[in-house]
Amino acid sequence: MKSLIIFDFDGVIADSFDTFYPLIRDGMNKIGISIHEKGYRELFNTNIHKGFENLIQDKEKHKIFNKFRADHYNKYYAKNPPKIFLGIKKILKKLSKNYILTIASSGKKYNITWLLKKSGSHKHFDLIMATDEKTKENMLREIMEKHGADAKHTIMITDTVGDIKIAKKIGLKTIAVTWGFQNSKTLKKSKPDKLLSKVDDLEKFLAK
């Protein structure tokens, strides 16, 4: 049986920080909160939606922020669309021969599918689960259940501390990558099973 890999999408496969930070920055400004890049990156130390709640701490303002984000999501996405990280396309093709590849993301599925199709990489994924209506933990468990995979044979690849904590809670192996939303120093604190700083190292490590 092939082992299962669950990829986070933004910051791992897609270079999308500059797509989403302006959206979040402007949404926060709408409710009187100033957030800089460092502060935005720190929100990913936990579940990002929980991070928004913790920062705003006001139900009415949180509603206004969420509405701004929902209403303007496509506008910001179109203005500065993400790009697949250089080298990822080739690596996904190679990994798909020996692993079952899936995605768990809090982003919008149609945007993720569009970007993958644009790069020709969509065919390498067995399942793309992308929604903000489920927690990341629920997504991971559902993906595993659909594929009959246990924690021992499942790997989570992510660029955020929040995802690593969730994956560890379930008992998954974790690979943290430093080319996304959070840096090496931050990711090390969550003690992933492996920390990778170059895209090419992903294939090298998983080919062992």
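Residues numbered from 1 in each chain as written. Predicted model: local features only at pLDDT ≥ 70, side-chain atom pairs only at ≥ 80, totals over all residues. Heavy atoms only, no water.

Q: Honestly, the environment of A151 in this entry has me stumped. Any pointers?
A: Inspection of the secondary structure assignment puts A151 in the loop between α7 (136-147) and β6 (154-158). For the pair A151 and S3, spaced 148 residues apart in sequence, the C-alpha separation works out to 9.8 Å. Other than its neighbours up to four places away in sequence, A151 contacts M144, I170, G171, L172 and K173. (Helix = DSSP H or I, 4+ residues; strand = E, 2+ residues; numbered from the N terminus. Contact = heavy atoms within 4.5 Å.)

Q: How should I be thinking about the packing of aromatic side chains in this particular structure?
A: Within a pair of aromatic rings, the relevant descriptors are the distance that separates the centres and the angle that separates the planes. Enumeration according to the criterion identifies 14 aromatic pairs in this entry. A ring pair is formed by F44 and F181, whose centres lie 5.1 Å apart and whose planes are at 75°; its orientation type is edge-to-face. Placement of the pair is F44 in the loop between α2 (37-42) and α3 (48-56) and F181 in the loop between β7 (173-177) and α9 (184-188), with a sequence separation of 137 residues. According to the relative accessible area criterion, F44 is buried, its value standing at 12%. Given the relative accessible area of 4%, F181 is considered buried. (Phe/Tyr/Trp six-rings, centres within 6.5 Å; stacked < 30°, edge-to-face > 60°. Buried < 20%, exposed > 50% of the residue type's maximum accessible area, 1.4 Å probe, protein only.)

Q: I would appreciate a short explanation of the sheet that holds strand β5 (residues 127-130) in the present structure.
A: Sheet strands line up and pair through hydrogen bonds in the backbone, either parallel or antiparallel. Spatial ordering of the open sheet is given by β5-β4-β1-β6-β7-β8, a layout of 6 strands whose pairing is parallel. The two strands at the open ends of the sheet, each matched to only one other strand, are β5 and β8 (194-196). Across the sheet, the axes of successive neighbouring strands diverge by a mean angle of 20°, strand direction being ignored. Set on the sheet, helix α10 (residues 199-206) makes contact with β1 (3-7), β4 (99-105), β6, β7 and β8; between it and β8 the angle comes to about 145°. (Pairing = 2+ DSSP bridges. Axes fitted to C-alpha atoms, helices over the stretch in contact; angles between N-to-C directions.)

Q: Teacher, can you tell me more about the pattern of salt bridges here?
A: Two side chains that carry opposite charge are able to pair once their charged atoms sit near each other. Taken as a whole and judged by the stated rule, the model has 10 salt bridges. Between D26 and R25 there is a salt bridge whose closest N-O contact spans 3.0 Å. Since its relative accessible area comes to 22%, D26 is described here as partly exposed. A residue is classified by how much of its surface remains accessible, and R25, at 29% relative accessible area, is partly exposed. For E53, the salt bridge identified is with K50, shortest N-O distance 3.8 Å. Here K50 and E53 lie together in helix α3, a separation of 3 residues that amounts to about one turn. Judged by relative accessible area, K50 falls into the partly exposed class, the value being 42%. One network of salt bridges, with partners in common, ties together D8, K136 and D163. (Salt bridge = Lys/Arg side-chain N within 4 Å of Asp/Glu carboxyl O.)

Q: What should I look at first to understand the layout of surface pockets in this one?
A: Where empty space is left can be seen by rolling a probe of water-molecule size over the atoms. The space that makes up the largest pocket amounts to roughly 500 Å³. Along the wall of the largest pocket there are 28 residues; nearest its centre are F44, I48, H49, S106 and G107. Going through the elements one at a time, α1 (17-30), α3, α4 (59-79) and α8 (161-170) are the ones with two or more residues in the lining of the largest pocket. In terms of residues, the lining of the largest pocket owes the most to one element, α4, which gives 4 residues. Its residues placed into classes, the lining of the largest pocket shows 11 nonpolar, 9 polar and 8 charged. (1 Å grid on protein atoms, 1.4 Å probe; cavity = no way out; pocket = protein on both sides within 12 Å on 5 of 7 lines; lining within 4 Å. Points joined across faces, edges and corners; volume = space filled by probe spheres on them. Nonpolar A, V, L, I, M, F, W, Y, C, P; charged D, E, K, R; others polar.)

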